[in-house]
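# Report on the structure
Residues per chain are reported as follows:
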Amino acid sequence: MIEQLLERYRHGRGDYNAEYLPKFDALKSTQSPIAVMISCSDTRLEPSRLFGLSRGEVFSIRNVANLVPSYSSVENPCETAAGLQFAVTKLQVPHIVVLGHSNCMGIRAMMELPESCSGDNFIDQWVRQAKPARQHQLANSDCLDGPEAQSKACEQASIRLSLCRLLSYPWIRTRVESNQLVLHGWYYNFSEGQLSCLEPDSQCFNPIT
Ligand SMILES: [Zn+2]
């Protein structure tokens, strides 16, 4: 199956073959993306396809459940924080998007976490960062009907949490406060084929029409 990738390359799928290179001359030595997007590693959600992206347009960070860790010291390196710092301080991106999605297996793993996580389980240790989203969902569980609604509540609460955590990074907070940088929370629902955007005042996700 993996040979199919090389076969597609040989047949010129995509725009990375030599014939397209002149079109991307300007990108040889620099890049100036319009946003950094933190999305899930999930194979079903491909931001470049969802938004019809071309090369150089978006700086992409992908991890399990599209999480943003809280700011911590550089003694604890984290690829998501490094990617954010690169995009914000080196590339001066004007927007950060946290893109979540329905049926997220990473958020599902967080919802099913045991009380104590074993130290050698990387998945548990990673997704537990979103536990405050689970607590928020449980606090509002009276108005949620069924497991699908509960998952959706957790997925969306996790996006809100990540947006809050972005502000714990000093070089992000400074730029947000000086209107050089804008944060966005987006959510894609596979079942409905619908993208929704977080409205800052109401903190509700409104469908894009
Ligand atoms: Zn996911």
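Presented here is an overview of the structure given in this document.

Conventions adopted
- Residues numbered from 1 in each chain as written.
- Predicted model: local features only at pLDDT ≥ 70, side-chain atom pairs only at ≥ 80, totals over all residues.
- Helix = DSSP H or I, 4+ residues; strand = E, 2+ residues; numbered from the N terminus.
- Buried ≥ 20, exposed ≤ 12 C-beta atoms within 10 Å, placed from the backbone.
- Contact = placed C-beta atoms within 7 Å.
- Pairing = 2+ DSSP bridges.
- Axes fitted to C-alpha atoms, helices over the stretch in contact; angles between N-to-C directions.
- Expected span 1.5 Å × (residues − 1).

The next point concerns the overall build of the protein chain. Along the protein chain, the regular secondary structure elements total eight helices and six strands. Its helices and strands in sequence order give the protein chain the pattern α-β-α-β-α-β-α-α-α-α-α-β-β-β, from N to C terminus. Structurally, the protein chain occupies a C-alpha span of about 55 × 45 × 45 Å along its principal axes. Per-residue burial for the protein chain yields a buried fraction of 26% across its 209 residues. Look at the contacts in the protein chain between residues 6 or more apart in sequence, and 63% of them connect residues 24 or more apart.

Glancing now at the pairing of strand S4 (residues 182-189). In the sheet, strand S3 (residues 95-101) pairs with S4 via seven bridges, with the strands oriented parallel. Following the sheet pairing, Val 97 is matched in S4 by His 184. As paired elements, S4 and strand S5 (residues 194-199) share four bridges and run antiparallel to each other. When the bridges of S5 are listed, Asn 189 appears paired with Gln 194. What sits between S4 and S5 in their antiparallel hairpin is a turn of four residues, with Gly 193 showing a positive phi close to 60 degrees.

What the six strands build is an open sheet, ordered S2-S1-S3-S4-S5-S6; its pairing is mixed. Strand pairing shows two members of the sheet lacking a second neighbour, strand S2 (58-63) and strand S6 (204-207), which therefore form its edges. For this sheet, the mean inter-axis angle between neighbouring strands, taken without regard to orientation, is 25 degrees.

Here helix H7 (residues 147-166) contains 20 residues, and its C-alpha end-to-end distance of 29 Å stays within 8% of the 28 Å for a straight helix at 1.5 Å per residue. Regarding H7, the residues found buried are Lys 152, Ala 153, Cys 154, Glu 155, Gln 156, Ala 157, Ser 158, Ile 159, Leu 161, Ser 162 and Leu 166.

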